[in-house]
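Here's the letter readout for the chains.
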Amino acid sequence: MDTNLKLENRRIQGVEMPHDVSLTLWFIFSGLKLMKSKPSGFEMGEEEGEDIYTQDGTIDINKKPAIKKKTGTWKACRFILVTEGCERLAYYGMGTNLVNYLKIRMNQGNAAAANNVTNWSGTCYFTPLIGAFLADAYLGRYWTIIYFSIIYVVGMALLTLTASVPGLTPVCTAGICHPNRFQTAMSFVALYLIALGTGGIKPCVSSFGADQFDDNDEKEKKHKASFFNWFYLSINVGALIASSVLVWIQMNVGWSWGFGIPAVAMAVAVAFFLFGTKLYRLQKPGGSPLTRIAQVLVSSLKKSKVVVPADESLLYETTDAESSIQGSRKLLHTDKFRFLDKAAVETEDDRAKQVANPWSLCTVTQVEELKSILRVLPIWASGILFCTVYNQMNTMFVLQGDTMDQYIGPDFKIPAASLSLFDTLSVIFWVPVYDRVIVPYARKFTGNERGFTHLQRMGIGLVISIFAMIVAGVLEVVRLDFVRRHNYYDLETVPMSVFWQVPQYFLVGCAEVFTFIGQLEFFYDQAPDATRSLCSALSLLTNALGNYLSTLLVTIVTHITTRNGNLGWIPDNLNRGHLDYFYWLVAILSLINFFIYLWIAKWYQYKKVAVQPH
């Protein structure tokens, strides 16, 4: 190892991060310092007698077994973190203020613009299922990110052209724009190219970063939890710059600059990702997971009358050290979903065949792959209501803030929606606190290297989200009491500072650090090796479903509470409504969801991986 590189190695409170990452992100993200030291992970695999190659089956870009000293760990992750930060800056820089672009430049009404943004945003959370399937089945994560990034850049460039090039840009007179059908069509083609592009990046990049740490090497594995923390931080740094600086540029300088800068940021993201190519560890794609799932189900049904032997060693598995599923380690048998074990029972007909037919006989690993997916689904479902709480920042928190005093001094007015910056700042604050303070402290009591298990971490986030709703509800009770005492029912804004909302935003940000990052880590760790991108896509899907659930709750509440001519809980004039009741409802549902989550967590059985012999 290079002597200068060794001299840069530091340890801080037992949690290590690479010095190179901090230098790069300081430059890219205008001074945000993520970390000060390199982990001893750069020395991983250097001790005498340790393996030269990774033990998890990863390969390098040349399709040769990945060499530990030359690939992976933090030296590869610095490129992935910068890529994610720039990509998120591009995405939020374009998407945060999209509704105003459609209203102003595309001349759409409030309802049409809002619906178009909602439809586009929802698509951005469904397209990851496409990208994830291609990554796991055929392309691998690295090439999926590359191909879809090209589509992403083309979409960003086209959107920039529609906002700047004559002929593609609508003609505007007296402050009103008049787009023709071609111009509108080109804008939406650009938007949905971006939606497709992000579908290949979102589910793959976090898993690809985690792939850089060998699961079978305890020294590397313990750094993986830190990676997810800093990965989520890079997302929020990009979002912070986008929702503040870029939104101001779009509204005060122009849309060509406002979209051009995110397009350049996306190009920078692709460039940084390519720079790290020689350092990356790649997992081999394992073929279609849907086919393997279907094979297990068909085989189980065919053998529905077959008795599963009590001795699990009698179940069918290949004798090779490696799994029959390319890019996947062997999985050990677990006791849940015993019916599926029938697919791995060898019958006389199976033994008579020289080559096993996968539609009548499956390996234990293949059966356990389906079991792993089934086990994570209840945990996945419990995250939907958390996303409903998270999405209140874009709806009810904003409506509540609109009724409060938004002025700082006599002249400067801060939009209520801009208070979501405090959520981002909360994440930026809590990530290093969690990684460098909470984890080492918790480790002393739990004995767990991560401080908390995945399930404990997510559960803590669910509890914090309940308190966020309670705090929001208490603020609304206080606000309504202020309205009642001073008879401010018909005032558009109550003389009560909007900054009283900061605690609820701060709590939501704190809950994100526990639950969202915990989900990233959980779905990567517990997903079968050959379906990790697909499981990451499922975790992203909870955000879209959380949005839909929030819309459903509002629709049901409005329908019920406006009967018999009542104004309802959420009328146009919130001073005459009861938004606090809605917050209590979400808090109660979250509490019920938490107790269900506890039951699921107690039932859950972690997957068991067979370590390959060396």
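As a reminder, the structure under discussion sits directly above these lines.
Just so we're clear, the structure is a prediction, and the values are computed from it rather than from any experiment.

The rules behind these values
Residues numbered from 1 in each chain as written. Predicted model: local features only at pLDDT ≥ 70, side-chain atom pairs only at ≥ 80, totals over all residues. Heavy atoms only, no water. 1 Å grid on protein atoms, 1.4 Å probe; cavity = no way out; pocket = protein on both sides within 12 Å on 5 of 7 lines; lining within 4 Å. Points joined across faces, edges and corners; volume = space filled by probe spheres on them. Core = buried A, V, L, I, M, F, W, Y, C linked by side-chain atoms within 4.5 Å. Buried < 20%, exposed > 50% of the residue type's maximum accessible area, 1.4 Å probe, protein only. Contact = heavy atoms within 4.5 Å. Salt bridge = Lys/Arg side-chain N within 4 Å of Asp/Glu carboxyl O. Helix = DSSP H or I, 4+ residues; strand = E, 2+ residues; numbered from the N terminus. Patch = residues over 30% accessible without salt bridge, like charges linked within 9 Å, V, L, I, M, F, W, Y side chains within 5 Å. Areas by Shrake-Rupley, 256 points an atom, 1.4 Å probe, with all protein chains shown as cover. Pairing = 2+ DSSP bridges. Disulfide = S-S within 2.5 Å. Axes fitted to C-alpha atoms, helices over the stretch in contact; angles between N-to-C directions. Parallel < 35°, antiparallel > 145°, perpendicular 65-115°, else oblique. Left-handed = near helix turned anticlockwise from the far one by under 90°. Nonpolar A, V, L, I, M, F, W, Y, C, P; charged D, E, K, R; others polar.

1. With respect to empty space enclosed by the protein
- In total, this model carries three cavities of 30 Å³ or more according to the counting rule given.
- Approximately 50 Å³ is the volume attributed to the largest cavity.
- Lining the largest cavity, in full, are Ala135, Asp136, Gly140, Arg141, Gln283, Lys284, Pro285, Gly286, Asp529 and Ala530.

2. Thoughts on the nonpolar core
- With 132 residues, the main nonpolar core has Trp120, Phe227 and Tyr280 as its most contacted residues.
- The contact partners of phenylalanine 227, leaving out residues within four places of it in the chain, are Trp74, Cys77, Ile80, Leu81, Ser206, Gly209, Ala210 and Phe213.
- Residues Ala343, Val345, Val364 and Ile373 belong to the second largest nonpolar core, which totals 13 residues.

3. Quick look at the pattern of salt bridges
- Overall, the coordinates contain 26 salt bridges when judged by the stated rule.
- The salt bridge partner of arginine 88 is glutamate 84, with a shortest N-O separation of 3.9 Å. On the criterion of helical spacing, the pair formed by arginine 88 and glutamate 84 is a turn pair, its members being four residues apart in helix α3 (residues 73-95).
- You can call arginine 88 buried: its relative accessible area is 5%.
- Linking arginine 338 and aspartate 341 is a salt bridge whose minimum nitrogen-to-oxygen distance equals 3.5 Å.
- Here the salt bridges share partners, and the residues they tie into one network are Asp215, Lys224, Arg329, Asp529, Arg532 and Lys607.

4. Side note on a nonpolar patch on the surface
- Taken together, the side chains of Trp143, Tyr147, Ile150 and Val154 define a hydrophobic patch exposed on the protein surface, amounting to about 390 Å² of accessible area.
- Within the fold, valine 154 resides in helix α7 (residues 141-162).

5. Description of the environment of glutamine 519
- Looking at the secondary structure, you find glutamine 519 in helix α17 (residues 502-526).
- Note: C-alpha distance between glutamine 519 and methionine 469 (50 residues apart in sequence) is 21 Å.
- Contacts of glutamine 519, omitting those with residues within four sequence positions, involve Gly383, Met458 and Thr542.

6. Side note on the pairing of strand β6 (residues 494-497)
- Of the two faces of β6, only the one carrying Val494 and Met496 is buried; Pro495 and Ser497 on the other face are not.
- Bridge analysis of strand β3 (residues 404-405) against β6 gives two bridges, and the strand direction is parallel. Residue methionine 404 lies in a different strand from β6, and its bridge partner there is valine 494.

7. Considering the state of the cysteines
- Counted by the stated rule, this structure contains one disulfide.
- The residue that forms a disulfide with cysteine 172 is cysteine 177, at a sulfur-sulfur distance of 2.0 Å. Its torsion about the S-S bond being 95°, the disulfide of cysteine 172 and cysteine 177 is classed as right-handed.
- Overall, the relative accessible area of 38% leaves cysteine 172 in the partly exposed class.
- Of all cysteine sulfurs in the structure, the one in cysteine 387 sits closest to cysteine 510, which takes part in no disulfide; the separation is 16 Å.
- Taking relative accessible area as the criterion, cysteine 510 reaches 7% and is therefore assigned buried.

8. Focus on the environment of serine 149
- Among the secondary structure elements, serine 149 is positioned in helix α7.
- Measuring from C-alpha to C-alpha, the distance between serine 149 and isoleucine 194 comes to 9.1 Å, with 45 residues separating the pair along the chain.
- Once you skip the residues sitting within four places of it in the chain, serine 149 turns out to touch Ile201, Met266 and Val270.

9. Remarks on the packing of helix α13 (residues 364-390) against helix α18 (residues 532-561)
- α18 packs onto α13 with a crossing angle of 50° between their chain directions and a minimal axis gap of 7 Å. It follows from the interaxial angle that α13 and α18 lie oblique. For the pair α13 and α18, the crossing hand works out as right-handed. From α13, Leu377, Trp380, Gly383, Ile384, Leu385, Cys387, Thr388 and Tyr390 reach across to α18, where they touch Leu538, Ser539, Leu541, Thr542, Asn543, Leu545, Gly546, Leu549, Ser550 and Leu553.
- When grouped by side-chain class, the residues that make up the contact of α13 with α18 number 11 nonpolar, seven polar and no charged.

Read these as geometric descriptors, not functional statements.
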